[in-house]
Amino acid sequence: MAAWLRGTVLVAGLALIGYGVYGLLNDPYITAPVDVLVWAVGGLLLHDGLWVPLLCLVGAYAARGPVLRGWLVVAAAVTAVGLPAVLRADDDHGNPSVLPLPYLRNWLLVLAATAVLALAVGLVRRWRRRTRPVRRPARREDRS
């Protein structure tokens, strides 16, 4: 069963990759498909060669517990997505509608909200461990 499922997922993934490459090469709006492929390979190398190992090292050595590690992954993902807008917040080239929101404030609010949520999850987990009844094994009677 597992081998069949693995094979099905592999075939579906290869079909999606083929469809994406076909769309990349045949889309009239993409004038330089090789540049897009270079960008995609660069992103893949940056993700798998730098980002994931860095997160794994930080998680293994600096963060104890799954809740903190999970929050670090969320914070890293939010930062990776939001940091370009934060860094370009004042770079609107005379058009205030290009980047109209307070991105630094919003990024910090998202980080704070996710940190509060992670703290709440950690506190609930700790409370549940402390209030869980202690199970003692039942005494066995000597039947000799």
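If you're wondering where the values come from, they're calculated on a predicted model, not measured in any experiment.

On to helix α3 (residues 66–87), then. Here α3 spans 30 Å end to end across 22 residues, near enough to the 32 Å set by a 1.5 Å rise per residue. In α3, a bend of some 40° at Val81 exceeds every other bend along the element, and Pro84, a proline, comes one to four places later. Taken together, the buried positions of α3 are Ala75, Ala76, Thr79, Gly82 and Val86. Among the structural elements, α2 (33–61) and α4 (103–131) are those in contact with the buried residues of α3.

Residues Leu10, Leu14, Ile17, Val21 and Leu25 make up a contiguous nonpolar surface patch of roughly 490 Å² in combined accessible area. The topology assignment puts Leu14 in helix α1 (residues 2–26). With a relative accessible area of 53%, Leu14 lands in the exposed category.

Moving on, we get to the side chain of Thr114. Within the secondary structure layout, Thr114 lies in helix α4. Every residue in contact with Thr114, bar those within four places of it in the chain, is listed here: Trp71 and Val74.

A separate point is the environment of Thr31. Along the chain, Thr31 turns up in the loop between α1 and α2. Each C-alpha atom, one on Thr31 and one on Gly122, is 50 Å from the other, the two residues being 91 residues apart in sequence.

Each pocket or cavity is described by its volume, and for the largest pocket that value is around 230 Å³. Together, Pro66, Val67, Ala118, Leu119, Gly122, Leu123, Arg125, Arg126 and Arg129 line the largest pocket. Put simply, the parts of the chain that give the lining of the largest pocket at least two residues each are α3 and α4. Looking at the lining of the largest pocket element by element, the count peaks at seven residues for α4.

The rules we used
- Residues numbered from 1 in each chain as written.
- Predicted model: local features only at pLDDT ≥ 70, side-chain atom pairs only at ≥ 80, totals over all residues.
- Heavy atoms only, no water.
- Helix = DSSP H or I, 4+ residues; strand = E, 2+ residues; numbered from the N terminus.
- Expected span 1.5 Å × (residues − 1).
- Bend = angle between axes of the 7 residues up to and from the residue.
- Buried < 20%, exposed > 50% of the residue type's maximum accessible area, 1.4 Å probe, protein only.
- Contact = heavy atoms within 4.5 Å.
- Patch = residues over 30% accessible without salt bridge, like charges linked within 9 Å, V, L, I, M, F, W, Y side chains within 5 Å.
- Areas by Shrake-Rupley, 256 points an atom, 1.4 Å probe, with all protein chains shown as cover.
- Salt bridge = Lys/Arg side-chain N within 4 Å of Asp/Glu carboxyl O.
- 1 Å grid on protein atoms, 1.4 Å probe; cavity = no way out; pocket = protein on both sides within 12 Å on 5 of 7 lines; lining within 4 Å.
- Points joined across faces, edges and corners; volume = space filled by probe spheres on them.

The values reported here are purely geometric and, on their own, carry no functional implication.
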